[in-house]
Amino acid sequence: MVRFTVLASGSKGNSTVVSGGRTRILVDCGLSCRELFRRMKLAGEEPETLDAILITHEHSDHVNGVAVTARKLGIPVYFTEGTHRAWMRWLTPRRQMTYTQWLELTRKQAAERQAEANATAEEGEPDEGDLIADSEPVSAETAQTVIEEIQAAGVPEASETTCTAKKDPTWLPAVEYFQAGQPFEIGDIAVSPFTIPHDAADPVGFAFRSEGVRMAFATDLGYIPPNVKAQLKGVDLLLLESNHDLEMLRDGPYPWAVKQRVLSRVGHLSNEAASGFLENDYDGHAAYVILAHLSESNNLPELARVTAERALNGRASLLANRLLLAAQHEPLSSVYF
Ligand SMILES: [Zn+2]
Ligand SMILES: [Zn+2]
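Residues numbered from 1 in each chain as written. Chains lettered and ligands numbered in written order. Predicted model: local features only at pLDDT ≥ 70, side-chain atom pairs only at ≥ 80, totals over all residues. Heavy atoms only, no water.

**Q** Would you explain the overall build of the protein in this entry?
**A** Helices and strands together make up the secondary structure of the protein, namely 12 helices and 14 strands. A burial count over the protein gives 50% of its 337 residues as buried. Of the contacts formed within the protein by residues at least 6 apart in sequence, a portion of 70% connects residues at least 24 apart. Element-wise, carbon and sulfur atoms account for 51% of the exposed surface of the protein, whose accessible area totals about 16,000 Å². (Helix = DSSP H or I, 4+ residues; strand = E, 2+ residues; numbered from the N terminus. Buried < 20%, exposed > 50% of the residue type's maximum accessible area, 1.4 Å probe, protein only. Contact = heavy atoms within 4.5 Å. Areas by Shrake-Rupley, 256 points an atom, 1.4 Å probe, with all protein chains shown as cover.)

**Q** Sorry if this is basic, but what is going on with the side chain of His-84 here?
**A** Looking at where His-84 falls in the secondary structure, it is placed in helix H4 (residues 81–91). Overall, the relative accessible area of 7% leaves His-84 in the buried class. Side-chain polar atoms of His-84 contact the side chain of Tyr-177, separated by 2.7 Å. Among residues more than four places away in sequence, those in contact with His-84 are Phe-79, Leu-172, Val-175 and Tyr-177. (Polar contact = N/O pair within 3.5 Å; in protein donor to acceptor, adjacent residues only side chain to side chain.)

**Q** Explain the environment of Thr-80 to me, please; I cannot follow it from the model alone.
**A** Positionally, Thr-80 belongs in the loop between strand S5 (77–79) and H4. In this structure, Thr-80 is in contact with Tyr-177, Phe-178, Asp-202 and Val-204, ignoring residues within four places of it in sequence.

**Q** Sorry, what's going on with the sheet that holds strand S6 (residues 175–177) here?
**A** Pairing between the strands of a sheet comes from backbone hydrogen bonds, and it takes one of two forms, parallel or antiparallel. Within the open sheet, the 7 strands sit side by side as S6-S5-S4-S3-S2-S1-S14. Their pairing is mixed. Each edge of the open sheet is held by one strand with a lone partner, namely S6 and strand S14 (335–336). Relative to S5, strand S4 (residues 52–54) is paired through 2 bridges, and the arrangement is parallel. Residue pairing across strands places Ile-53 opposite Val-77, the latter belonging to S5. The sheet contacts of helix H1 (residues 33–42) involve strand S1 (2–8), strand S2 (15–20) and strand S3 (23–27), and relative to S1 the element is tilted by about 135 degrees. (Pairing = 2+ DSSP bridges. Axes fitted to C-alpha atoms, helices over the stretch in contact; angles between N-to-C directions.)

**Q** What is the right way to look at the pairing of S1 in this model?
**A** Within a regular strand, side chains alternate between the sheet's two faces. Across the 7 residues of S1, 7 count as buried, placing the element largely inside the fold. Both S1 and S2 contribute to a ladder of 6 bridges, which runs antiparallel. When the sheet's bridge partners are listed, Val-2 is paired in S2 with Gly-20. With antiparallel pairing between neighbouring strands as the criterion, S1 and S2 make up a hairpin whose turn holds 6 residues, including Gly-10 at a positive phi of roughly 140 degrees. The pairing of S1 with S14 spans 2 bridges and is classified as antiparallel. Residue pairing in the sheet places Arg-3 in a bridge with Tyr-336 of S14.

**Q** What should I look at first to understand the sheet that holds strand S7 (residues 184–186) in this one?
**A** The strand order S7-S8-S9-S10-S11-S12-S13 describes an open sheet built from 7 strands, whose pairing is mixed. Strands with a single pairing partner mark the edges of an open sheet, and in this sheet they are S7 and strand S13 (322–325). The mean inter-strand angle of the sheet, taken between neighbouring strand axes irrespective of direction, is 20 degrees. The pairing of strand S8 (residues 189–195) with strand S9 (residues 204–210) spans 6 bridges and is classified as antiparallel. Across the sheet, residue Thr-195 finds its bridge partner in S9, namely Val-204. Contacts between helix H11 (residues 271–280) and the sheet are confined to strand S11 (237–241) and strand S12 (288–292), with S11 contributing the most and set at about 145 degrees to the helix. In the packing of helix H12 (residues 301–313) onto the sheet, the strands contacted are S12 and S13, and the crossing angle to S13 comes to about 160 degrees.

And the structure:
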């Protein structure tokens, strides 16, 4: 039996379980390990049965929990080499600074210590909004927080491993490289990674095949180039980004530079672009179309749904396609084949 479970989708964390035959793959690990396990259990998935983690790109909403999860389960992580290097750079930022920067930092730290001593009011958790998670570059402080979480988690059953992990936040039980355009297999799931246009080191989407069922996975892309269109043909399940409504983004709270980034050819796919694909290029083969990576600031689920439905309903032959929406805060019911 083939099963596809979206655990989380959006700029605060992405994770999906693809199960086929004897193999279970986690696609992206953007939730903390604890939250990931909680959601897997909610969705009826057993974390201990995962065989591997597959990463699309290094943005924090796709990798936040990867080191802790891989260590806890003792499973390999599959990256492209470019993504792996970018992820390692993010976790081990260069700390060398010029004298002026050092002086500045020292002054700032002294001022902070002073402010802390004076502070009486309690501090709330800063709300970084939904643009930080998927907006590069990630700050050194964010990386530091992740490093501390990784170090705190350690690996309880092997003290030697814990030591290694403490010394090296990028340590993983096993790393496997793949390349876009070169299919490979994990157990009985065939994986075809393909290049997507996005502002990361070497971002990919995936097409999976197991027991004759094909599933395609395409989020975090500025537009849909011909190589991606080709991968989205003849699939039984299509998970496609429907990130923002153009008008909401234009009038929304993001700073101008971030709006430009989201709208760019290496940004995110709008509702309009997703529906344009469904109307003009989609072959109508999928039993399920899942809209994913919806922005919480610049989109509304109903708006994404109506825009996609309009595109599908325009083609009478596609009325059998079931349209689902992946959510940020709760898992989507598993799709079975
Ligand atoms: Zn993302
Ligand atoms: Zn991204």
